[in-house]
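Structural overview for review
Residue strings, one per chain:
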Amino acid sequence: QVQLVESGGGLVQAGGSLRLSCVASGRSLVGYVMGWFRQAPGKEREFVAAIDWSGSVRDYTDSVKGRFTITRDNAKNSVYLQVNNLKPEDTAVYYCAADNRLRDYKAAHEYNYWGQGTQVTVSS
């Protein structure tokens, strides 16, 4: 099994930045896709970004392209989401997720392993 722990959320002003971290433990993550999702009150869980374990393939939802960057550090079993130029509409609980067998990495229900979430709040 895989355990995931997110950190790095907080309260920031519009235009600010945060670095979200997700540390995995439990087993080797070779071959695992790591994803970031977010969920705002009253909204469905939304795909944000994903990265394959090699780092050669990365993808983002259109609303965050150019502002968010997903990276990984295999030596630390960690994945990061650098979130820049934050907007109030980015306010949500951010979750990291992992799986090694996915049909669609943008679909939350495909992932078996999830962290507890970290709150990002952006004030206007």
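Given the structure is predicted, the values throughout are model-derived calculations rather than measurements.

Once that is clear, we can look at the overall build of the protein chain. Along its length, the protein chain carries zero helices and eleven strands. By the compact-globule yardstick of 14 Å for 124 residues, the protein chain fits well, its C-alpha radius of gyration being 13 Å. Principal-axis analysis of the C-alpha atoms gives the protein chain an extent of 40 × 30 × 25 Å. Expressed as a percentage of the 124 residues in the protein chain, the buried residues total 46%. Here the contacts in the protein chain between residues at least 6 apart in sequence split such that 55% fall between residues at least 24 apart. Carbon together with sulfur atoms contributes 45% to the accessible area of the protein chain, which is approximately 6,400 Å² in total.

Let us look at the sheet that holds strand β1 (residues 3-7). The pairing of strands in a sheet comes from backbone hydrogen bonds and takes either a parallel or an antiparallel form. The antiparallel open sheet is built from four strands, whose spatial order is β1-β3-β8-β7. Two strands lie at the open edges of the sheet, namely β1 and β7 (68-73), each paired on one side alone. Here the strands of the sheet are splayed against their neighbours by 15° on average, with no regard to which way each runs. Here five bridges tie β1 to strand β3 (residues 18-25), and the two strands are oriented antiparallel to one another. Across the sheet, Val-5 pairs through a bridge with Val-23, a residue of β3.

Cut-off values and rules
Residues numbered from 1 in each chain as written. Predicted model: local features only at pLDDT ≥ 70, side-chain atom pairs only at ≥ 80, totals over all residues. Heavy atoms only, no water. Helix = DSSP H or I, 4+ residues; strand = E, 2+ residues; numbered from the N terminus. Rg over C-alpha atoms; globule rule 2.2 N^0.38 Å. Buried < 20%, exposed > 50% of the residue type's maximum accessible area, 1.4 Å probe, protein only. Contact = heavy atoms within 4.5 Å. Areas by Shrake-Rupley, 256 points an atom, 1.4 Å probe, with all protein chains shown as cover. Pairing = 2+ DSSP bridges. Axes fitted to C-alpha atoms, helices over the stretch in contact; angles between N-to-C directions.

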